[in-house]
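# Close look at the chain arrangement
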Amino acid sequence: MWDPKIPDESDFWVTMRTAPGDSMVRGSFSHADKPLGHIQAGPPNTRKTYADSISNIPIPVISHEVGQYQSYPNFREIEKYTGVLKPYNLETFRQRAEKAGILDKADDFHKASGKLAVLCYKEEIEAALRTPGFGGIQLLDLQDFPGQGTALVGILDSFMHSKGFVTPEEWREFCSDIVLLACFDKYTYTTGEEFCAEIKVSNYGAGDIDNTVIEWWIGNGQETYFRGFLEVPEIRQGTVDTAGEIKLNLEGVKAPEKLTLNLKFKNSDIKNHYSIWVYPKKTDITIPSEICVSNNTEEAKSLLKEGKTVLFVVDKNTEIDSVEGFFAPDFWCYPMFRKACEDAGKPVAPGTLGILCNNNHPALKEFPCDYYSDWQWWHIITNSRPVILDKAAPGLNPVVQVIDNFDRNHRLGLLFEGRYKKGKVFVCASDLFSIQDKPEARQLLHSILKYMASEEFNPETVLG
């Protein structure tokens, strides 16, 4: 057994893991370390705790350098440097983005990557709060760090100004002395399932909480499907206590739909919320006769030359320039850890920063989504090979674009469309056929096929 050699006089231990192997106490990851943090290792849920990792540790454990989720640069920050310091790093990154033909999307990349970073911060912080007896967390950092190759991991920029990713009120929902927690097994459901959530309270406030009521409701912003109350006689200070359970039949939901579970202490501003997605129990994924499906580049080209309509699916056997699909944002700074991995002879992480999604595109009409990565994309993205489009026509604007880091600046397509010779093609760089047991994958495939069979499918960009 590994002996961490904790000195007898130690009052607490700050660490990222308590033993070799799967004993991490944070959800983020280091490129050179295995296994990965639980956010990338997935699948996503809100039940992960670090209880097993700290069970044999005799003193409180504090999670070392939580977070480090990189976001895309905000080139508007350059204007803030009016003193003796010059932002040569940001100016260089802006020049690279312009050369790569992606500068026009920089603002959107910044916002979308930041939304994913907040999503991951929330899960990582809540995993610590869900763990009974956990000592605490140490964020690295709340603000960007311009050193070590430039680590844009902050919720605040280098001037301690908000980057617009999250409000202080939203941040306090999951990072405060008292936090309402919903513990459930997954984020995606069908109308044939039940939604079950155990409601807990992490109470590290000034004292016990007596005779309180937790309000909860689930809706889509316009319509409330479910509502209820949990009466809680006592939540002891310094504990993670269970306040009750929510168990619902989802049959009446108008799927497909994104819903929000809201939690709130009655007569208090303490609250929290979680997104879930509900899809039809049965989803039609019949491939129309006029659509050819291929995962072979040469076969697809041949079909397109004949004037066919092709759904080109990139899987592990497809020969095409691509990168590994990765859900979590790049860790700390891609140039720094790329070199560390290369020097250690270890694989270099994909280095991507989530997705920028044209969620109003008709191909996604039957797939509820926002403009950024969210949990319903996890299986889709982790089973993908985003295509490198650096040599593609400048006018190619992917339906879903994967955001690359500022060092490499690839144009990366997860979903995109175009014309080739006489034919029309829709490219899906996720192997949806291999994950048809996931309702979100079935629904996305259904939405794409329905779009391709419609008159709306009339791409203008020439791919070759």
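Now for a look at the structure at hand. None of the values given here were measured: they were computed from a predicted structure. (Residues numbered from 1 in each chain as written. Predicted model: local features only at pLDDT ≥ 70, side-chain atom pairs only at ≥ 80, totals over all residues. Heavy atoms only, no water.)

## Some points on the environment of I380
To be explicit about the condition: The secondary structure listing takes helices from DSSP runs of H or I that are at least 4 residues long and strands from runs of E that are at least 2 residues long, numbered from the N terminus. In what follows, residue pairs with any heavy atoms lying within 4.5 Å of each other are defined as contacts.
Structurally, I380 can be placed in helix α8 (residues 378–382). On a C-alpha basis, the gap between I380 and L303 in space is 26 Å, while along the polypeptide they are 77 residues apart. What I380 contacts, discounting residues up to four positions off in sequence, is F367, S430, L432, I435, E440 and L444.

## Some words on the packing of aromatic side chains
Heads up, the rule is: Think of it this way: a Phe, Tyr or Trp ring, Trp meaning its six-membered ring, pairs with another when their centres are within 6.5 Å, and the plane angle makes it stacked under 30 degrees, edge-to-face over 60, tilted otherwise. Think of it in three bands: with a 1.4 Å probe and only protein chains considered, a residue is buried below 20% of the maximum accessible area for its type, exposed above 50%, and partly exposed in between. Both a distance and an angle decide whether a charge sits over a ring: NZ of Lys or CZ of Arg must be within 6 Å of the ring centre and within 35 degrees of the ring normal.
Following the criterion strictly, the structure yields 22 aromatic pairs and no others. On the numbers, 4.9 Å between centres and 90° between planes, the contact of Y371 with Y372 is edge-to-face. The class for Y371 is partly exposed, based on a relative accessible area of 29%. Members of the aromatic cluster, each reached through a chain of ring pairs, are F184, Y187, Y189, F195, Y274, F327 and W375. In this structure, K122 packs its charged tip against the face of Y274, placed 4.3 Å from the ring centre. Positioned over the ring face of Y420 is K421, at 5.6 Å from the centre of the ring.

## Quick notes on the side chain of R26
Selection criterion: Charge counting follows a simple rule: Lys and Arg are positive, Asp and Glu are negative, and His as well as the terminal groups are ignored. Take a side-chain nitrogen of Lys or Arg and a carboxyl oxygen of Asp or Glu: if they are within 4 Å of each other, that pair is a salt bridge. By the criterion applied in these results, polar contacts are pairs of N or O atoms within 3.5 Å in which, for protein atoms, one can donate a hydrogen and the other can accept it, and in which residues neighboring in sequence qualify only through two side-chain atoms.
Turning to its location among the elements, R26 is positioned in the loop between β1 (13–15) and α1 (38–41). Buried R26, no salt bridge; nearest opposite-charge side chain is E65, N-O distance 4.6 Å. A polar side-chain atom of R26 sits 2.9 Å from the main-chain carbonyl oxygen of H64. Here R26 is in contact with M16, G37, H38, Y50, S63, H64, E65, V66, Q68, E124 and F331, once residues within four sequence places are set aside.

## Some remarks on helix α4 (residues 106–129)
Cut-off, in case you're wondering: A helix is expected to span 1.5 Å for every residue after the first.
Its 24 residues place the ends of α4 34 Å apart at the C-alpha level, agreeing with the 34 Å of an ideal helix rising 1.5 Å per residue. Counting buried positions over the 24 residues of α4 gives 20, a clear majority of the element.

## A look at unusual backbone geometry
Note: most peptide bonds trans; most residues except glycine with negative phi. The linkage connecting G42 with the following residue, P43, adopts the cis geometry, with an omega of 0°. As for its position among the elements, P43 is in the loop between α1 and α2 (51–54). The residue after L140, namely D141, is reached through a cis peptide bond having omega 0°. Topologically, D141 is positioned in the loop between β3 (136–139) and α5 (168–174). Here Q148, not a glycine, exhibits a phi torsion of approximately 50°, which is positive. On the secondary structure map, Q148 appears in the loop between β3 and α5. Residue Q148 is classed as partly exposed on the basis of its relative accessible area of 43%. Positive phi, normally seen in glycine, also occurs at M160, with a value near 65°. Structurally, M160 can be placed in the loop between β3 and α5.

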